[in-house]
Amino acid sequence: DVFAPLLDRLVEELPALRQPAGPGLAVFGPVARRMLAAVMPHAATFITPMAAVAGAVADHVLAAMVAGRRLSRAYVNNGGDISLFLADGASFDVGMVSRPDACDRHGKITVTSAMMVRGVATSGWRGRSFSLGIADSVTVLARDAATADAAATMIGNAVTIDHPAIRRQPASQLAPDSDLGERLVTVDVGRLAGHDIAVALEAGLAKADLLRSRGLIEAACLMVQGEMRLCGQLKQKSLPLAGSLRLERTGT
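On a predicted model such as this, the values are computed, not experimentally measured, just so you know.

1. As for the overall build of the protein chain
Looking only at helices and strands, one finds seven helices and 11 strands in the protein chain. In terms of overall dimensions, the protein chain is globule-like: its C-alpha atoms have a radius of gyration of 18 Å, near the 18 Å expected for 252 residues. Structurally, the protein chain occupies a C-alpha span of about 55 × 45 × 30 Å along its principal axes. Looking at the protein chain residue by residue over its 252 residues, the buried ones come to 50%. Sequence-distant contacts, at least 24 apart, represent 55% of the contacts inside the protein chain between residues at least 6 apart. With the model as given, the accessible surface of the protein chain reaches about 11800 Å², and the carbon-plus-sulfur share is 53%. Mean positive and mean negative side-chain charge positions of the protein chain (26 and 24 charges, respectively) differ by 5 Å.

Structure representation (structure tokens):
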């Protein structure tokens, strides 16, 4: 029921939602307000509320699902941006992929009710949305899905280098109504040397560490051509304490 009018209301506010976030930007619908709140901590750098749309929708629908009900756990998965509800003692396993377009699961995160994580989002140039960076995937864990969505976008944008194997194109040429306008987005990444991958990943990791120090994210996993960097508690592969994150690798 709550989803039925949601998209029409967002369409009405699209002109504002495609504008850069800032203190003068006004939006009115409940999902639009979630979107703007999620991106405002990043407003010093270019970002629009659209960077948090999938996560904000997931959060909004989940809130309606749990209102007035006694549930042990619930989730809304909006194309990979996931909003979680966990009662005391509940946990949730989240599969991770290194490439959203290939769905090649490479790990599993266990989120417990004791953790400050209720949102998971993944961004990258291979995903559904445009990216300024070259990350195949950036998965972020945060307090809600909208916050994770915005942070994944910003970290994904930071995973970048200048290299002749990387092809970029103005976003407006790919989608005339894109909120990114003439900004160059990644459309192809050729094979990169290990050093180049490391430089790009370290740039993204620095951004993730900064966001974590500001309390905006709990953890992140960054992937480029099979290479990975971990931020936050994901660095600790196996922790027995309640409320800890455990990343289990699958495959080779």
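Still more ground to cover, so stick around.
2. With respect to the packing of aromatic side chains
Geometry of an aromatic ring pair is reported as the spacing of the ring centres plus the angle between the planes. Inspection of every chain in the model, using the stated rule, returns one aromatic pair. Between arginine 183 and the ring centre of phenylalanine 46, over which it is positioned, the NZ or CZ distance is 3.4 Å.

3. With respect to the state of the cysteines
Counting across every chain of the model gives zero disulfides. Of all cysteine sulfurs in the structure, the one in cysteine 231 sits closest to cysteine 221, which takes part in no disulfide; the separation is 10 Å. Here cysteine 231 falls in the buried class, since its relative accessible area comes to 0%.

4. Structural notes on the nonpolar core
Counting 28 residues, the largest nonpolar core has Ile134, Val140, Ile155, Val159, Ile217 and Ala220 as the members making the most contacts within it. Breaking this core down by element, the ones donating at least two residues are strand 6 (137–142), helix 5 (145–158), helix 7 (194–213) and strand 9 (219–224). Counting residues per element, this core draws most heavily on helix 7, which supplies six residues. With sequence-adjacent residues up to four places away left out, valine 140 is seen in contact with Gly119, Val120, Ala121, Ala148, Ala151, Ala152, Ile155, Ile217, Ala219 and Ala220.

5. A word on the pairing of strand 9
With respect to burial, strand 9 is a largely interior element, six of its six residues being buried. Pairing analysis gives five bridges linking strand 6 to strand 9, with the strands arranged antiparallel. Bridged to serine 137 within strand 9 is methionine 223. Bridging between strand 9 and strand 10 (residues 227–232) involves six bridges; their strand directions are antiparallel.

6. Quick notes on the pattern of salt bridges
This structure, assessed with the given rule, holds six salt bridges. In this structure, arginine 18 engages aspartate 177 in a salt bridge whose closest nitrogen and oxygen atoms are separated by 3.2 Å. On the criterion of sequence distance, the pair formed by arginine 18 in the loop between helix 2 (14–17) and helix 3 (30–39) and aspartate 177 in the loop between helix 6 (171–174) and strand 8 (184–189) is long-range, its members being 159 residues apart. According to the relative accessible area criterion, arginine 18 is partly exposed, its value standing at 28%. Between arginine 229 and glutamate 202 there is a salt bridge, and its shortest N-O distance comes to 2.7 Å. Residue arginine 229 is located in strand 10, and its partner glutamate 202 is located in helix 7; the two are separated by 27 residues in the primary sequence.

7. Digging into the environment of glycine 124
Here glycine 124 shows up in the loop between strand 5 (119–123) and strand 6. Between the C-alpha atoms of glycine 124 and alanine 135, which are 11 residues apart in sequence, the distance is 5.1 Å. Residues in contact with glycine 124, not counting those within four places in the same chain, are Ser129, Ser131, Ala135 and Asp136.

Scoring rules and cut-offs
- Residues numbered from 1 in each chain as written.
- Predicted model: local features only at pLDDT ≥ 70, side-chain atom pairs only at ≥ 80, totals over all residues.
- Heavy atoms only, no water.
- Helix = DSSP H or I, 4+ residues; strand = E, 2+ residues; numbered from the N terminus.
- Rg over C-alpha atoms; globule rule 2.2 N^0.38 Å.
- Buried < 20%, exposed > 50% of the residue type's maximum accessible area, 1.4 Å probe, protein only.
- Contact = heavy atoms within 4.5 Å.
- Areas by Shrake-Rupley, 256 points an atom, 1.4 Å probe, with all protein chains shown as cover.
- Lys, Arg positive; Asp, Glu negative; His and termini not counted.
- Charge placed at Lys NZ, Arg CZ, Asp CG, Glu CD.
- Phe/Tyr/Trp six-rings, centres within 6.5 Å; stacked < 30°, edge-to-face > 60°.
- Lys NZ or Arg CZ within 6 Å of the ring centre and 35° of its normal.
- Disulfide = S-S within 2.5 Å.
- Core = buried A, V, L, I, M, F, W, Y, C linked by side-chain atoms within 4.5 Å.
- Pairing = 2+ DSSP bridges.
- Salt bridge = Lys/Arg side-chain N within 4 Å of Asp/Glu carboxyl O.

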